[in-house]
Amino acid sequence: MTYKFIVSGKVQGVWYRKFVSENAKKAGFRGYVKNLDNGDVEAVANIENDEKLNEFIEILKEGSPYSEVSNIKYEKIIDQDFKNFEIRY
């Protein structure tokens, strides 16, 4: 299953994408993270079950030492197949 997440708060210009990407890779997730024009961050990931969903949400919540996540929205989207986890620009 593929999920799309929209993360709000102080999440741009604070190394948020780098930390999320590194932690997602370590945990074995595949997908991407990117900045949105409105100041939010979008993350898309392949997630197998509820346990993995909760683990990914915790990675998004943790962010970087400089970030402050205020809200995370997510939804299932059409399945996409990713080979790794990357930062998109």
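This report concerns the structure included in the present document. (Residues numbered from 1 in each chain as written. Predicted model: local features only at pLDDT ≥ 70, side-chain atom pairs only at ≥ 80, totals over all residues. Heavy atoms only, no water.)

### So, the overall build of the chain
(1) Moving on: Within the chain, the secondary structure is distributed over two helices and five strands.
(2) Moving on: The order of helices and strands in the chain, counted from the N terminus, is β-α-β-β-α-β-β.
(3) Moving on: Taking 2.2 N^0.38 as the reference for a compact globule, 89 residues should give roughly 12 Å; the C-alpha atoms of the chain span a radius of gyration of 12 Å, in line with that estimate.
(4) Moving on: Relative to all contacts within the chain whose residues are 6 or more apart in sequence, the contacts with residues 24 or more apart total 79%.
(5) Moving on: For the chain, the accessible area works out to roughly 5300 Å², and carbon and sulfur atoms hold 45% of it. (Helix = DSSP H or I, 4+ residues; strand = E, 2+ residues; numbered from the N terminus. Rg over C-alpha atoms; globule rule 2.2 N^0.38 Å. Contact = heavy atoms within 4.5 Å. Areas by Shrake-Rupley, 256 points an atom, 1.4 Å probe, with all protein chains shown as cover.)

### Here's the deal with the side chain of S8
(1) Moving on: Tracing the sequence through the fold places S8 in strand β1 (residues 2-10).
(2) Moving on: Classification of S8 as buried rests on a relative accessible area of 15%.
(3) Moving on: A distance of 3.3 Å separates the side chain of S8 from the side chain of D40, its partner in a polar contact. (Buried < 20%, exposed > 50% of the residue type's maximum accessible area, 1.4 Å probe, protein only. Polar contact = N/O pair within 3.5 Å; in protein donor to acceptor, adjacent residues only side chain to side chain.)

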